[in-house]
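Observations on the three-dimensional arrangement
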Amino acid sequence: MSKIKEAYSEIENVIGSDYITDKDFMKAAYSRNVDPAFPDRWADIIVRPETTEEVSGIVKIANKYKIPIVPRGGGADLVGGSVSEGGILLDLTRMNKIIEINEKDYYIVVECGITWGELDSKLAEKGLTTGFLGPGSGFSATVGGGLSNSTAGFGSTKYGLVPDICLGVEVVLPNPEGTILRTGSAANKYAKPFCRYGVAPDFTGLFMGDVGTMGIKTKAFLRIVKDPPIKTMRCYILNKNDYSKVYELLYEIQSEVADGLHDVIVVPLPVVKMKSGIAKNKPATRAKIRGSVFQIGLETHDQRIMDVYLEKLNEIMLKDNVCRPFEWQEIDLDEPLSTEWNFDYKFAFTYFNQYISVAPPKISCTTCHKIPISYIPDAEQLSGKFDAKFRGEFPPGSISLFATVIYLLPNGHCVFVGGFNADNSDEQHDIAMKLWHKKLRAQTQYGGAHYWLGEAISQSIVEAGAYTPEFSQFFKDMKKTVDPNFLLSPKKFHMYSYEDDISKHLVEDEPYK
């Protein structure tokens with residue numbers, strides 16, 4: 001009997017026959033993430049555990065037979081984060097319970113397979129929120145995936161990335177013992193999971209943004225707050241396409257409006273024109289579109305404070321005739337006016353999806369990364385120079401955008417939510433993958449901090465030479481401590497064994513600056 005069949009039989013004894021399969025039609029269903037940029041890859045076994053103890057039991061069996069494991073949440077990842085060539089694919093979406101909502105001490109305990117849609121809905125019933133409403137991939141994405149990717153999304157302008165609302169986690173280490181570990185104040189067996197720091201070194205951080213390489217997250221302890229009931233949006237458009245002004249305005253907005261901001265999104269001029277072109281219900285008069293659009297969401301608990309925020313925002317945005325007020329109805333009559341806009345979860349769910357997949361037959365090679373806002377003009381110019389220099393290497397018909405949106409984050413930095421597309425065809429897959437890595441390397445070398453790592457981006461960071469030998473060795477040493485048999489999420493960061501020298505994956509690219 002093969003080790004896969006022996007492992008299958010033992011795992012079946014742990015979780016029952018209804019939640020394990022090696023059927024081809026099921027392996028095919030799990031063979032890719034939401035985007036087909038990668039070739040289909042089939043796991044040997046699909047497993048759907050329900051408890052932390054079951055995950056631990058599966059990990060012990062995987063170590064016994066030296067079978068790789070890849071954890072998977074909602075499968076909404078676009079960069080090769082949750083598929084496996086062979087081995088065990090661990091679908092965590094049955095672990096979807098809310099265990100505790102503590103309204104007095106403002107924390108919540110959830111299983112990591114719960115979706116953001118389910119979590120947001122339950123909290124909204126009580127007038128509560130984590131602040132973060134879910135990643136751009138939508139409400140079907142899971143909390144565990146958000147933590148593993150250090151994701152940004154609606155609410156991140158004010159509340160930060162998913163790890164910023166995390167007070168600790170429960171994880172199963174991928175070691176032979178299948179060790180179950182809690183971090184934050186939950187590491188103190190006498191304490192509630194109400195805070196992250198002060199109990200021990202911050203081991204929570206080890207599992208944040210790890211793209212499933214350091215442990216299997218089964219529970220998350222998250223901060224919650226009262227959801228401010230008064231929300232509104234205002235839009236402004238630059239009278240000139242000037243990214244220096246984009247930076248200056250973002251700086252002033254963040255300095256002067258501060259806690260009133262919920263979301264600040266800058267839609268670059270090419271995307272505004274694209275939205276105008278595809279609008280079905282166009283106005284009779286063509287709008288004058290000359291610069292980026294600022295879409296600014298505000299929230300507060302008191303209308304009087306909102307009035308002050310709106311006054312300050314107008315003062316900043318309309319000063320010196322740099323901007324004018326803007327309504328999306330100027331290009332699409334189906335859009336609501338700002339004064340009639342009401343925040344709802346449908347808006348948050350659908351907003352980013354219009355940019356992720358512009359046309360169904362395409363694949364999306366996303367290049368989302370963070371930069372300091374002062375670097376916006378330079379990053380925009382460098383992105384343009386890259387595209388111009390290597391235009392001949394793009395797949396035929398490809399559209400490349402340095403950012404479909406620029407999303408403001410706390411503390412003076414932002415996300416460029418960008419990338420390029422290609423036809424979903426055998427002829428273009430290899431071309432797109434090669435250029436994708438090349439573009440990611442260029443962004444890494446101009447100082448971008450990618451967060452949605454997965455296989456494509458984590459490998460490109462290594463190829464760009466971003467990590468010092470000391471950091472690479474420390475990373476390996478830490479992973480070897482928790483995963484001595486090197487079973488969890490192989491291939492990411494170009495790690496294939498603890499003896500492998502990742503410097504051999506460095507790529508020397510032709511200059512484009």
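Keep in mind that this is a model prediction, so the values were computed, not measured.

**Concerning the nonpolar core**
Ranked by size, the top nonpolar core spans 119 residues in total, and within it Ile253, Phe294, Ile296, Met317, Ile376, Phe416 and Trp436 carry the most contacts. Looking at this core, the element that brings in the most residues is strand 18 (residues 400-409), giving 8 residues. Apart from residues lying up to four places away in sequence, Ile253 is in contact with Ala258, Leu261, Val264, Phe294, Ile296, Leu313, Ile316 and Met317. Core analysis: the next-biggest nonpolar cluster, separate from the first, contains 23 residues, Ala7, Ile20, Ile45 and Leu92 among them.

**Here's the deal with the pattern of salt bridges**
Enumeration according to the criterion identifies 29 salt bridges in this entry. Glu50 is the partner of Lys97 in a salt bridge, and the nearest nitrogen-oxygen pair spans 3.7 Å. You can see Lys97 sitting in the loop between strand 4 (88-91) and strand 5 (98-102) and its partner Glu50 sitting in the loop between strand 2 (45-47) and helix 3 (52-65), a full 47 residues away along the chain. Using a relative accessible area of 38% as the deciding quantity, one classes Lys97 as partly exposed.

**Some remarks on the pairing of strand 19 (residues 413-423)**
Counting buried positions over the 11 residues of strand 19 gives 9, a clear majority of the element. Judged from the 4 bridges that link them, strand 17 (residues 369-372) and strand 19 form a sheet pairing that is antiparallel. Opposite Ile371, over in strand 19, you have Cys414 as the bridge partner. Bridging between strand 18 and strand 19 involves 7 bridges; their strand directions are antiparallel. Bridging from a neighbouring strand, Leu408 pairs with Cys414 of strand 19. The loop that links strand 18 with its antiparallel partner strand 19 comprises 3 residues; one of these, Asn411, has a positive phi angle of about 65 degrees.

**Examining the sheet that holds strand 10 (residues 216-223)**
Taken in spatial order, the 5 strands line up as 5-6-10-8-9 in an open sheet, and their pairing is antiparallel. A single partner strand is all that each edge strand has here, and the edge strands are strand 5 and strand 9 (180-182). Recorded for the sheet is a direction-independent mean angle of 10 degrees between the axes of neighbouring strands. When strand 8 (residues 166-172) meets strand 10, the two strands line up antiparallel, connected through 6 bridges. Residue Gly168 lies in a different strand from strand 10, and its bridge partner there is Phe221.

What counts and how
Residues numbered from 1 in each chain as written. Predicted model: local features only at pLDDT ≥ 70, side-chain atom pairs only at ≥ 80, totals over all residues. Heavy atoms only, no water. Core = buried A, V, L, I, M, F, W, Y, C linked by side-chain atoms within 4.5 Å. Buried < 20%, exposed > 50% of the residue type's maximum accessible area, 1.4 Å probe, protein only. Helix = DSSP H or I, 4+ residues; strand = E, 2+ residues; numbered from the N terminus. Contact = heavy atoms within 4.5 Å. Salt bridge = Lys/Arg side-chain N within 4 Å of Asp/Glu carboxyl O. Pairing = 2+ DSSP bridges. Axes fitted to C-alpha atoms, helices over the stretch in contact; angles between N-to-C directions.

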